[in-house]
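The residues making up each chain are set out below.
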Amino acid sequence: MTLSTEYSSDGKQFVIHVKGKFDFPLVQQFRQSYSDLNESADTIAVDFRETEYIDSCALGMLLNMRKSLGAGEKSIHLVNCRPEIRNILEIARFDKLFHID
Amino acid sequence: MRVLIVDDLNSNRLLLSDIVSNFGYQCLSVDNGVQAVEVMGQFNPDIVLLDVLMPGLNGFETAPQLKKIAGEVHLPIIFITALDDQDTLLRCLAAGGDDFISKPFASVVLEAKLRAHFRNRELSKSLAEKNQVLAYHSSRVEREHQIVEHIFQNSLARNYLDYPHLHTYLSPMSMFNGDLLLAAPGPLGNLYVFLGDFTGHGLSAAVGALPTSQAFFSMAESGAPVGDIVREINHRLHDLLPTDMFLAGMMIELSASGERVTYWNGGIPPALLIDDERRLHTVMAPQNLALGILNDNEFDSRVATLSVTNTDSLLLFTDGLIELSEAQGMLGREGLAKLVQSAQSMAQLTALVQQKMSGREQRDDVSMGWLRCKPTGLKPKSFDAELSPMAFDMDLRFHAEDIRGQNPVNQVVQSFAAIDGLANFKSQLFTVIQEIYNNAVEHGLLKLDSELKLAADGFERYYQLYQQRLSELKDGWIEMRLSYQPKRRCLVIKVTDSGDGFCQQSSRAKAEQQALTESGFGRGLRLVEELTVGLKWSNQGRTIECTLPLTAQ
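Residues numbered from 1 in each chain as written. Chains lettered and ligands numbered in written order. Predicted model: local features only at pLDDT ≥ 70, side-chain atom pairs only at ≥ 80, totals over all residues. Heavy atoms only, no water.

The next point concerns the interface of chain B and chain A. Of the residues lining the interface, 44 residues belong to chain B; the matching set on chain A comes to 43 residues. The contact between chain B and chain A buries some 3,800 Å² in all, and 54% of this surface belongs to carbon and sulfur atoms. At the junction of chain B and chain A, the tally comes to two salt bridges. We note a salt bridge from A:Glu52 to B:Lys426, for which the minimum N-O separation is 3.5 Å. Where chain B meets chain A, there are 16 residue pairs in polar contact (both at pLDDT 80 or more). Where the side of chain B that touches chain A is concerned, the elements lending two or more residues are β13 (304-307), α13 (409-417), α14 (426-445), α15 (458-472) and α17 (523-531) of chain B. (Contact = heavy atoms within 4.5 Å. Buried area = accessible area lost by both parts, 1.4 Å probe. Salt bridge = Lys/Arg side-chain N within 4 Å of Asp/Glu carboxyl O. Polar contact = N/O pair within 3.5 Å; in protein donor to acceptor, adjacent residues only side chain to side chain. Helix = DSSP H or I, 4+ residues; strand = E, 2+ residues; numbered from the N terminus.)

Structure follows, in structure tokens:
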């Protein structure tokens, strides 16, 4: 499975792990992963530690998530980015919309 | 029983050896002290009957020498003497004699004395044997401890306790520590720290440190999530340890920025967060059972996160610290808080803790780690391989039926990444080639309009349409030329599609305009433009060419 999700033990954070390629084939699965989020989760983290590549479609998916979660209502963290992936997120100016760590 | 008879008078010797032989004991008679010393080694007597007055070496002089030769095993010496004055008797005992018998004597008395002293001799022999066995075992145990200690040291050789923002203090109760404090850098510039406390103390408590540290170091190196690492440690310990033994443990991961702590705590006391005004906050309370108790299905590896700032510090410690004995009870969390507030640094805190410990018997392993939440300054992992010097061009042509079935970009990237030194650039290669290829497919062959994405649910619709048109694709092709130029340290990518082309001006303008919007449109080519140099269109927008530099960012 290339996409897995979990809540933190205190239920406040929802974490999405993307393994391998983060691109078009994940569109549906990614959208579904956050479709019925618990009320308690006020932060969403996308964990890129096992992500090898991303493309513009992945950027679109992230923006879509932000929009469907009410653009800024919940804070979205893009965490554990390798330098190459961070570079792509920065080129896209995603640091203005997300917390990149 | 072997009895050595030492007497200068032949008649005495004969008489004594007669009596002793009649008792059924083996005996040897010599007529002076010098000879007695000489036969000691060979005859190895159990008891010596020694005359006091002899020419040459007399009895008082002979006795100490015989005792010396006998070594650790007690050799009873009975003086046979005609003198029965008190002074002589005292001298006999002072010279190392164990008893005396005055002539004339009854043979039953001699026999009784021989038996009594033989019992002492036997006791002493068995004691000496046991001592020998004990000495053998203790030297073996010592040797084994040395070996085990060596293994422990090696297993912890990768322990990154030199990390500049982590200060640790470990005070084991015995030679082996049942506490464990591990640190390792991750591949993303992140730092992992694990604090563990096994049930019990000493070697039996410490053995579990081996599988724990092995799992920790190898998984930290590959950058595994905290939950996965604790799950693996739990799995190993659950299989390995007896039921009544487990490992209380806290695993934390500090992000490269030093602002995000991800943690899992099973049975370690909550840590103290010390903020820039030296206020203390209790954080990271245990949410779980210790490691090694639950099976894989029962185990809860969910983690929690803590936001910190670069002026915060975290103090992690095992219960041995708060349970330090004090004049009245234990140090406790309040006592520790007082110590922490009066200490300006880990060195001072350590000194205060040592002061508390001095003069008292230590009852548990005591460990603590002070982690400053600074940006880690750890370099993300990189492979500094030389680029392969062999230049080549690779021409690929994809036909409609292939394009319909699969995306070839992954295979192209994989084969490039297999070339020496190119694995470093895998991520950029993928993004650039994927974007260019997708652009050719989506706009060249499938004639999709990016403006679709602007609608409310446009993103979804766009990709639905994409899949529909892709499955119906009958004609068309894409040509890809990849020129690997190691001398220029670059890869030139040229892609042509069989579509109608488009007007580059308007597309470029749209891309610029939309780059900062949330439409998801034009973003792909903008990425290509940023990651490559010399991007240009030709052939009425059917051919795109750009150069990906193969240099460190």
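Next comes the rest of the account.
Turning next to the sheet that holds strand β10 (residues 260-266) of chain B. Residue and element names in this part refer to chain B. Ordered by their spatial adjacency, five strands build an open sheet running β7-β8-β9-β10-β13, and the pairing between neighbours is antiparallel. Two strands lie at the open edges of the sheet, namely β7 (179-185) and β13, each paired on one side alone. Looking at each pair of strands side by side, their axes are set apart by 20 degrees on average, direction ignored. On the sheet, helix α7 (residues 209-221) packs against β7, β8 (191-198) and β9 (247-254) and is oriented at approximately 15 degrees with respect to β7. Strand contacts of helix α8 (residues 226-240): β8, β9 and β10, with the helix running at about 160 degrees to β9, the strand carrying the most contacts. (Pairing = 2+ DSSP bridges. Axes fitted to C-alpha atoms, helices over the stretch in contact; angles between N-to-C directions.)

Another aspect to go through is the nonpolar core. Of all hydrophobic cores here, the largest spans 78 residues; its most connected members are A:Phe22, A:Leu62, A:Met65, A:Leu78, A:Leu89, A:Phe94 and B:Ile493. Sort the elements by how many residues they give to this core and α14(B) lands first, with nine residues. Setting aside residues up to four positions removed in sequence, A:Phe22 forms contacts with A:Phe30, A:Phe48, A:Thr51, A:Tyr53, A:Ile54, A:Asp55, A:Ala58, A:Met61 and A:Leu62. Counting 31 residues, the second largest nonpolar core, distinct from the first, contains B:Phe176, B:Met219, B:Ala220 and B:Val230. (Core = buried A, V, L, I, M, F, W, Y, C linked by side-chain atoms within 4.5 Å. Buried < 20%, exposed > 50% of the residue type's maximum accessible area, 1.4 Å probe, protein only.)

Inspection of helix α10 (residues 332-342) of chain B places B:Gly332, B:Gly335, B:Leu336, B:Ala337, B:Leu339 and B:Val340 among the buried residues, and these make up the whole buried set. As for α10(B), its buried residues are in contact with β11 (271-274), β12 (280-283), β14 (313-317), α9 (319-322) and α11 (346-357) of chain B.

Right, let's get into the packing of α13(B) against α14(B). Residue and element names in this part refer to chain B. Running from amino to carboxyl end, α13 crosses α14 at an angle of 150 degrees, the nearest separation of the two axes being 10 Å. Relative to α14, the element α13 lies roughly antiparallel. Regarding α13 and α14, the two cross each other, and that crossing is right-handed. Contacts between α13 and α14 pair Val409, Val412, Val413, Gln414, Phe416 and Ala417 from the former with Lys426, Leu429, Phe430, Ile433, Gln434 and Tyr437 from the latter. A breakdown of the residues in the contact of α13 with α14 according to their chemical character gives nine nonpolar, two polar and one charged. (Parallel < 35°, antiparallel > 145°, perpendicular 65-115°, else oblique. Left-handed = near helix turned anticlockwise from the far one by under 90°. Nonpolar A, V, L, I, M, F, W, Y, C, P; charged D, E, K, R; others polar.)

This paragraph deals with the sheet that holds strand β1 (residues 3-7) of chain A. Strand pairing in a sheet relies on backbone hydrogen bonds. The paired strands run either parallel or antiparallel. One open sheet accounts for five strands, arranged β1-β2-β4-β6-β7 (chain A); its pairing is mixed. Where the open sheet ends on each side, the last strands, each with one partner, are β1 and β7 (99-100) of chain A.

Glancing now at the packing of α7(B) against α8(B). Residues and elements named next belong to chain B. Where α7 contacts α8, the axes come no closer than 9 Å and their chain directions differ by 155 degrees. With respect to α8, the element α7 is oriented roughly antiparallel. For the element pair α7 and α8, the recorded crossing hand is right-handed. Across the interface between the two elements, Pro211, Thr212, Gln214, Ala215, Phe216, Met219 and Ala220 from α7 touch Asp228, Ile229, Glu232, Ile233, Arg236, Leu237 and Leu240 from α8. Tallied by class, residues from the contact of α7 with α8 come to nine nonpolar, two polar and three charged.

Residues and elements named next belong to chain B. Taken as a whole, this structure holds 20 aromatic pairs over all chains when the rule is applied. Ring geometry for Tyr463 against Tyr466: centres 5.9 Å apart, planes inclined by 75 degrees, an arrangement best described as edge-to-face. Of this pair, Tyr463 and Tyr466 both sit in helix α15, separated by three residues, roughly a single helical turn. Judged by relative accessible area, Tyr463 falls into the buried class, the value being 6%. Residue placement shows Arg397 over the ring face of Trp477; its charged tip is 4.5 Å from the ring centre. (Phe/Tyr/Trp six-rings, centres within 6.5 Å; stacked < 30°, edge-to-face > 60°. Lys NZ or Arg CZ within 6 Å of the ring centre and 35° of its normal.)

Now for the domain arrangement of chain B. Each domain of chain B was delimited in the assignment, giving domain 1 (2-128), domain 2 (157-372) and domain 3 (392-549). Inter-centroid distance (C-alpha atoms) of domain 1 of chain B to domain 3 of chain B is 108 Å. (Domains from an automatic or database assignment.)

On to α11(B). All names here are of chain B. Taking 1.5 Å per residue as the helical rise, α11 with its twelve residues ought to reach 16 Å, and the 16 Å between its terminal C-alpha atoms agrees with that figure. Here α11 has its buried residues at Met346, Leu349, Thr350, Val353 and Met357. Around the axis of α11, the buried residues are gathered within 100 degrees of arc, so they sit on the same side. Facing away from the buried side of α11, by more than 90 degrees, are the exposed residues Ala347 and Gln355. Elements that come into contact with the buried residues of α11 comprise β6 (166-171), β14, α9, α10 and β15 (366-372). Count one or two residues on from α11 and you reach Gly359, which has phi positive near 80 degrees. (Expected span 1.5 Å × (residues − 1). Arc of directions from axis to C-beta.)

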